[in-house]
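Architecture at a glance
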Amino acid sequence: CDCGSQDFAASQMPDVNRLVKSEYNCVPIFMNEITPASKVFSHIGFDYMCVDVDCREGTKYVDFCSYHFPREHYNTFDATFNAGTSEHLVAPLGVLFYIHQVTKVGGIMMHDVPILAGATTA
């Protein structure tokens, strides 16, 4: 489960393709444009679902700020990703709650969010 519609930039695709080839022995995805994460995960054989409020094609509508989550998602996913979504939310606890509810016991919860290092005060 991908929390937030994620894409790979054209500049990231060479690294993605190296990983796809070395780890999954799949042919590269030749794209010189933005490539949806759904295309990459599906290409390597994963069942993939994206949840977001953006109503993109193939995306299930879930509003992380509402705390009203589809119960049919609970305890469903082997891996759930937060790759640059939570830091855009006014109340990021909603997405964290969702991730903990939908990931199977023993599953992977991955968070990739920016951090501010070396901040100074005036």
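We now turn to the structure provided with this report. (Residues numbered from 1 in each chain as written. Predicted model: local features only at pLDDT ≥ 70, side-chain atom pairs only at ≥ 80, totals over all residues. Heavy atoms only, no water.)

**Points about the overall build of the protein**
Selection rule: Under the scheme used here, helices are H or I runs from DSSP no shorter than 4 residues and strands are E runs no shorter than 2 residues, and both carry numbers assigned from the N terminus. Only protein chains enter the accessibility calculation, which uses a 1.4 Å probe; a residue is then buried when its area is under 20% of its type maximum, exposed when over 50%, and partly exposed in between. Whether two residues are in contact is decided by their heavy atoms: any pair within 4.5 Å suffices. Computed by Shrake-Rupley with a 1.4 Å probe, the accessible areas treat only the displayed protein chains as cover when residues are assessed.
Scanning the protein for helices and strands turns up 3 helices and 7 strands. Of the regular secondary structure in the protein, the N- to C-terminal order runs β-β-α-β-α-β-β-β-α-β. Oriented by its inertia axes, the alpha-carbon framework of the protein measures out at about 50 × 40 × 30 Å. Taken across its 122 residues, the protein has 32% of its residues classed as buried. Contacts in the protein between residues far apart in sequence, at least 24 positions, make up 62% of those at least 6 positions apart. A total accessible area of about 8,000 Å² is found for the protein, and carbon and sulfur atoms account for 57% of it.

**Details of unusual backbone geometry**
Of note, the phi angle at Cys55 is positive, near 60°, even though the residue is not glycine. By secondary structure assignment, the location of Cys55 is in the loop between β4 (50–52) and β5 (59–61).

**Topic: the pairing of strand β7 (residues 103–112)**
The condition that has to hold: At least two DSSP bridges between two strands are needed for those strands to be called paired.
Here 6 bridges tie strand β6 (residues 77–83) to β7, and the two strands are oriented parallel to one another. Looking at β7, one finds that Ala79 is bridged to Ile108.

**A word on helix α1 (residues 13–24)**
Spacing of three or four residues puts side chains on the same side of an α-helix, whose turn is 3.6 residues. To keep it simple, the criterion reads: Expected span, for any helix, means 1.5 Å times one less than how many residues it has. Along the arc lie the directions from the helix axis toward the C-beta atoms.
The end-to-end C-alpha distance of α1, which contains 12 residues, comes to 15 Å, matching closely the 16 Å that a straight helix rising 1.5 Å per residue would cover. Within α1, burial applies to Met13, Val16, Asn17 and Val20. Around the axis of α1, the buried residues are gathered within 100° of arc, so they sit on the same side. Opposite its buried face, α1 presents the exposed residues Arg18, Ser22 and Glu23, each directed more than 90 degrees away. Structurally, α1 contributes buried residues whose contacts are with β2 (7–8), β3 (35–36) and α2 (37–43).

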